[in-house]
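Here is how the chains run, residue by residue.
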Amino acid sequence: MEIPSEEVVTNGGKTTLTNRLIKALPNCCVVHQDDFYKPQDQIEVGEDGFKQWDALESLDMDAMVSTVQAWIEEPRKFARSHGVNVRPNSKEPVPEEIHILVIEGFLLYNYKPLTDLFNKRYYLTVPYDECKRRRSTRHYPIPDPPGLFDGHVWPMYLKYRKEMETQEVDAVYLDGLKSRDDLCHQVFEEIQNMLFNCS
Ligand SMILES: Nc1ncnc2c1ncn2[C@@H]1O[C@H](COP(=O)(O)OP(=O)(O)O)[C@@H](O)[C@H]1O
Ligand SMILES: NC(=O)c1ccc[n+]([C@@H]2O[C@H](COP(=O)(O)O)[C@@H](O)[C@H]2O)c1
């Protein structure tokens, strides 16, 4: 059983990469961190004057850990209940059935009970200008109020990234400016190698 993951500055391309990986990998389930946002009325307004959508406290991280634990305990059952067709691994000579969970989110490495669960961590980055450009075209369930990116999103990203680096979380940095194909190819190759080295 393997649990890769990806994290990124918002709009770095993690959903895009995740969608490609789940098509390419055997018995692959996915957990999206966005699904663990607390209800909107529990998202507090911070000192920066904005609702704290980019703060760890706005996510139910314990529920997210429980979901990952459920996959660890019974990956087949998890896959079936999430509509994933369990198929035998086609690659020889891996002897046992392989199950993979991809966890996708923008704050995966600042909550130790979750960070510790991963076999492999990826961290997608894009520079400020590109991130802001991509973000300006996105539609979230709650639209960004004016000034959110510079007043909240980017400062929070820098804060959590620094915290993660201080904790020396072991992650492979991916350049989100690379093409979608290149990124998918790189991660796919690494996961393949990891699976073979385990066998
Ligand atoms: N490698 C890439 N190069 C250029 N644009 C990309 C790339 N990956 C994703 N995008 C675009 O960037 C935007 C955000 O991508 P998305 O995968 O939703 O990011 P995230 O899930 O990290 O917020 C989308 O418009 C998407 O088409
Ligand atoms: N999914 C939601 O309900 C919701 C609401 C408001 C903002 N957001 C934004 O989503 C971002 C994280 O998701 P992405 O990494 O996909 O951009 C955060 O920067 C946050 O500001 C999400």
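Now for a description of the structure that goes with this document. As the structure is a prediction and not an experimental result, all values here were calculated from the model.

Reading the values: rules and limits
Residues numbered from 1 in each chain as written. Chains lettered and ligands numbered in written order. Predicted model: local features only at pLDDT ≥ 70, side-chain atom pairs only at ≥ 80, totals over all residues. Buried ≥ 20, exposed ≤ 12 C-beta atoms within 10 Å, placed from the backbone. Helix = DSSP H or I, 4+ residues; strand = E, 2+ residues; numbered from the N terminus. Arc of directions from axis to C-beta. Near = placed C-beta within 6 Å. Nonpolar A, V, L, I, M, F, W, Y, C, P; charged D, E, K, R; others polar. Contact = placed C-beta atoms within 7 Å. Expected span 1.5 Å × (residues − 1).

**Let's talk about helix α1 (residues 14–24)**
Move 1: Along α1, the residues classified as buried are Lys14, Leu17, Thr18 and Leu21. Viewed end-on, α1 has its buried residues packed into an arc of 100 degrees, placing them on one side of the element.

**A short note on the site of ligand 1**
Move 1: Among the 13 residues in the neighbourhood of ligand 1, the closest are listed as Asn11, Gly13, Lys14, Thr15 and Thr16.
Move 2: Breaking the shell around ligand 1 down by element, the ones donating at least two residues are α1 and α7 (180–198).
Move 3: For the shell around ligand 1, the leading source of residues is α1, giving three residues.
Move 4: For the shell around ligand 1, the residue count by class is two nonpolar, seven polar and four charged.

**Digging into the environment of Ala171**
Move 1: Looking at the secondary structure, you find Ala171 in the loop between α6 (148–166) and β5 (172–175).
Move 2: Residue classification places Ala171 among the buried positions, given that 20 C-beta atoms sit within 10 Å.
Move 3: Along the sequence, Ala171 and Tyr123 sit 48 residues apart, while their C-alpha atoms lie 6.2 Å from each other.
Move 4: Ignoring any residue separated from it by four or fewer positions in sequence, one finds Ala171 in contact with Tyr109, Arg121, Tyr122 and Tyr123.

**What to know about α6**
Move 1: Along its 19 residues, α6 runs 26 Å from first to last C-alpha, staying within 8% of the 27 Å computed at 1.5 Å per residue.
Move 2: Positive backbone phi, approximately 55 degrees, marks Glu168, located one or two places after α6.

Scope: geometric values only; no functional claims are made or implied.
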